[in-house]
Structure formats: C-alpha cells, structure tokens
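Remarks on the overall topology
So you can see what is in the structure, the chains are spelled out below.
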Amino acid sequence: MSGALAPYVAILGRGPGRSRSLTMDEAHAALSIVLSGEAEPEAVGALLMLMRMKGETAEEIAGFVRAARSVIPLIDVKPDLDWPSYAAGRTRGHPWFLLSAKLVAQAGYSVLLHGWNSHQNPIASVRAALPDLGIASAASLDEVAQIMSRDDIAYLPLEVASSPLFRLLRLREVLGLRSCINTVLRVLNPAKAAASVQGVFHPPYRLLQADAGAILGQQTLTVLKGGGGEFERHPGKDVALFGLRQGTPWEGSAKGFWDETRRLAEATTAEGAPIALWNGALEDPFAEAIVLATAATALESLGEADGMALATTLWQTRSPIGT
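So, a few notes on the structure that sits alongside this text. Keep in mind the model is a prediction, meaning the values are calculated, not measured. (Residues numbered from 1 in each chain as written. Predicted model: local features only at pLDDT ≥ 70, side-chain atom pairs only at ≥ 80, totals over all residues. Heavy atoms only, no water.)

Some thoughts on the packing of aromatic side chains
By the definition in use, this model includes five aromatic pairs. Here W83 and F231 contribute two aromatic rings whose centre-to-centre distance is 5.4 Å and whose plane-to-plane angle is 90°, an arrangement assigned as edge-to-face. Of the two residues, W83 is situated in strand 1 (residues 81–85) and F231 in the loop between strand 5 (220–225) and strand 6 (239–245); the sequence distance between them amounts to 148 residues. Relative to W315, the ring of W278 has its centre 5.7 Å away and its plane inclined at 90°; by these criteria the two rings are edge-to-face. With W278 in helix 13 (residues 273–279) and W315 in helix 15 (residues 307–316), the pair connects residues that are 37 residues apart, well separated along the chain. The class of W278 is buried, set by a relative accessible area of 4%. Exposure remark for W315: the relative accessible area of 5% places this residue in the buried category. Of note, R318 hangs over the ring of W315, and the distance from its end group to the ring centre comes to 3.7 Å. (Phe/Tyr/Trp six-rings, centres within 6.5 Å; stacked < 30°, edge-to-face > 60°. Helix = DSSP H or I, 4+ residues; strand = E, 2+ residues; numbered from the N terminus. Buried < 20%, exposed > 50% of the residue type's maximum accessible area, 1.4 Å probe, protein only. Lys NZ or Arg CZ within 6 Å of the ring centre and 35° of its normal.)

Shown next, in the form of structure tokens:
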C-alpha cells in the first residue's frame, strides 16, 4: 500500500512546534504496517531515525511491542524469567551472564534467553558460548517448550522468533545507528514471563524500559546498566536498579563487594574461559564475582530474599558440564 506509513512519519517530522510523539495506538499501527511489508523502505528509515532524534517515549515503545508480539506465534511455555540479550559487545569480554542464567535455572526457575548480537568479537560471542555451557538454542518455536521441559533454560534466536523483526533490527547495518527496535526487543518478553531482567548501555533507557513494561502490564522487571548493555552486574560498583514490583514502579540498588577497580572486560579473555570457570578448570575470582552478582540480582527479581547467599550455594554445588 503506497504511502501507508506517511501519516506517521508526518506526525514525527512536521517541524518545530508542529511535530509530536506517536500515541501508543499510532505506534502500534505504524509498526504493524512495517511488519506487514506494506511500507516503503525509505519511510521505514525515516520513521526510525525521526524517533531516534526526538527520543522514544514509553507509549511508543509499548505500542511497538504490542505490534511486535502480534507477529510471533504463541510460544507454548511460560517461563519464570525472561532474559533478553541484544548487545553488540564490541568492547566487552566473555558473556559471563550465561553462567548466571544457568545458576538461576539450577535453582528451579525456568529461564528463556532470547536475542541477536551483532558485531561481536569471538570472545564476546553469546552464540558461540551456548553449546559449551549446555544451553540449547531453539531451531523453531515448537522446540522452545521441548528444551525448557528438559533443561529449564533455552535460547531463542530472534531470527527464529520472527524474521520480520530480525530484518528490522538489522537495518542498523544500513542506517548506521541503532533504532528503538533494540529497546523494543528488550521489552518484548515473547513468552510473557511474569518476571524479566534487562540490561541497558545508556542509563536513560533504564526508566524508559521500566515505564514501557508498566504500560504493558509487566509485573516484575529489573533493569540495570550492564556490561556492553547486557544484564550483567559489575561486582565492584554500587549499581542502581530500576523496574517494577507487582506492576508498580520500583527503584533499588545493589552494593558492590569487589575491592579492585576493574572493568568487566578485564576478566580473563582466554579461549573457552566460561566453561572452564564453570567446570573448575579456571580460577578467576573476578569473573566468578560477576557471575554471582548477576545471578543474585536475577534471583532477587524472582522473589528470593537473599540472592547472593543462594547464588553462592548454587555455585558451590553446581554440576560439571561435559565431563
């Protein structure tokens, strides 16, 4: 349909004093047109870049999420925890948060990881680390429930969940800038888990994602500024937490406990380090602290009173993988 997206581009781009943000219903309609394939590529680029320039609102993100969910078939499982992973990770180190997610699953909570990670170096690659850590990647939506019934943890690639959303996210390669689609996917929660943990790279997005989650009826949400934008907590810093508890806005904090001043990427970069750390073949106290700190915050998001104590116990009693 020629020009179908033009009215929404016009709302955003009329100029000083005349342009405005989209309402939630308008955002839903606009992204529905994009995902249906009815919009010209020039109009899609204009829409996304105009939104980036003015800054997205929680209502726009919520409207986009509702449209995005409509193109994902029903996933026949409701996990305890939604864990999105959409960071580029050019400067980050190993994805230690995957070990944290395994600890959460070891505690008896089902965890659905989902994502796509562009421009990652081999060290930071989430996809490359999954097989060694025994986290199965679903090849279809039907396979998600099968994997989770067996393992309590699964990874759903974005291209499997929705090829239209995958193509839209990859417009970054054409436009040269990230768009609000990255934020939309973090808030997406495709299996509608009651609890979600989300990372951001830029601090202002913490409140944006929390506010959008509230509009969408999310009950429990924890957002932090994490390594490379992942939900990965620095153990040496006091970390501000934002989100929702029982559907209402919530703010908290996590106190640092690692004395040295180090960046997350300064944990060991040796090949195969995540599985070596899990199996006890590698000693890296800083990497271990990252795993425990991240797991503790995720567990507390699930209602555990003392996440660090539980994470520590789970770590001490973990079973080796592949040995």
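There is more to say, and it comes next.
Regarding the pairing of strand 1
The buried fraction of strand 1 amounts to five of the five residues, a majority that puts the element mostly inside the structure. Where burial is concerned, the two faces of strand 1 agree: the one with L81, W83 and S85 and the one with D82 and P84 are both buried. Taken together, the five bridges between strand 1 and strand 2 (residues 111–115) define a ladder with parallel strand orientation. Directly across from D82, in strand 2, lies its bridge partner L112. Pairing of strand 1 with strand 4 (residues 195–200), which is carried by two bridges, proceeds in the parallel orientation. In the strand pairing of strand 4, L81 is matched with A195. (Pairing = 2+ DSSP bridges.)

As for the side chain of K102
Inspection of the secondary structure puts K102 in helix 5 (residues 97–106). With no salt bridge to any partner, buried K102 finds its closest opposite charge in D151, at an N-O distance of 7.7 Å. For K102, the contacting residues outside a window of four places in its chain are L133, G134, I135, I153, W278 and I321. (Lys, Arg positive; Asp, Glu negative; His and termini not counted. Salt bridge = Lys/Arg side-chain N within 4 Å of Asp/Glu carboxyl O. Contact = heavy atoms within 4.5 Å.)

Notes on the pairing of strand 4
For strand 4, the tally of buried residues reaches six of six residues, placing the bulk of the element in the interior. With helix 12 (residues 205–215) bridging strand 4 and its parallel neighbour strand 5, the resulting β-α-β unit is right-handed. (Right-handed = clockwise from strand over helix to strand, strands pointing away.)

A short note on the sheet that holds strand 5
The seven strands lie next to each other as 3-2-1-4-5-6-7, forming an open sheet whose pairing is mixed. With one partner strand each, in any of the chains shown, strand 3 (153–157) and strand 7 (248–254) form the two edges of the open sheet. With strand direction ignored, the average angle separating the axes of adjacent strands in the sheet is 20°. For strand 5 and strand 6, the ladder comprises three bridges, and the chain directions are antiparallel. Across the sheet, residue V223 finds its bridge partner in strand 6, namely F242. Packed onto the sheet, helix 7 (residues 141–151) meets strand 2 and strand 3 and runs at close to 160° relative to strand 3. (Axes fitted to C-alpha atoms, helices over the stretch in contact; angles between N-to-C directions.)

Overview of helix 14 (residues 285–301)
For helix 14, built from 17 residues, the straight-helix expectation of 24 Å at 1.5 Å per residue is met to within 8% by its first-to-last C-alpha distance of 24 Å. Of all 17 residues that make up helix 14, 14 are buried, and the element is covered over most of its length. Among the residues trailing helix 14, G303 stands out with phi positive, at a value near 105°. (Expected span 1.5 Å × (residues − 1).)

Quick word on the nonpolar core
If you look at the biggest cluster of nonpolar residues, it comprises 62 residues, and the most contacted ones within it are L5, L31, L47 and F64. Examining the composition of this core, we find that seven residues originate from one element, helix 4 (residues 58–69), more than from any other. When neighbours within four sequence positions are excluded, L31 is seen to be in contact with F64, A67, A68, L168 and I181. (Core = buried A, V, L, I, M, F, W, Y, C linked by side-chain atoms within 4.5 Å.)

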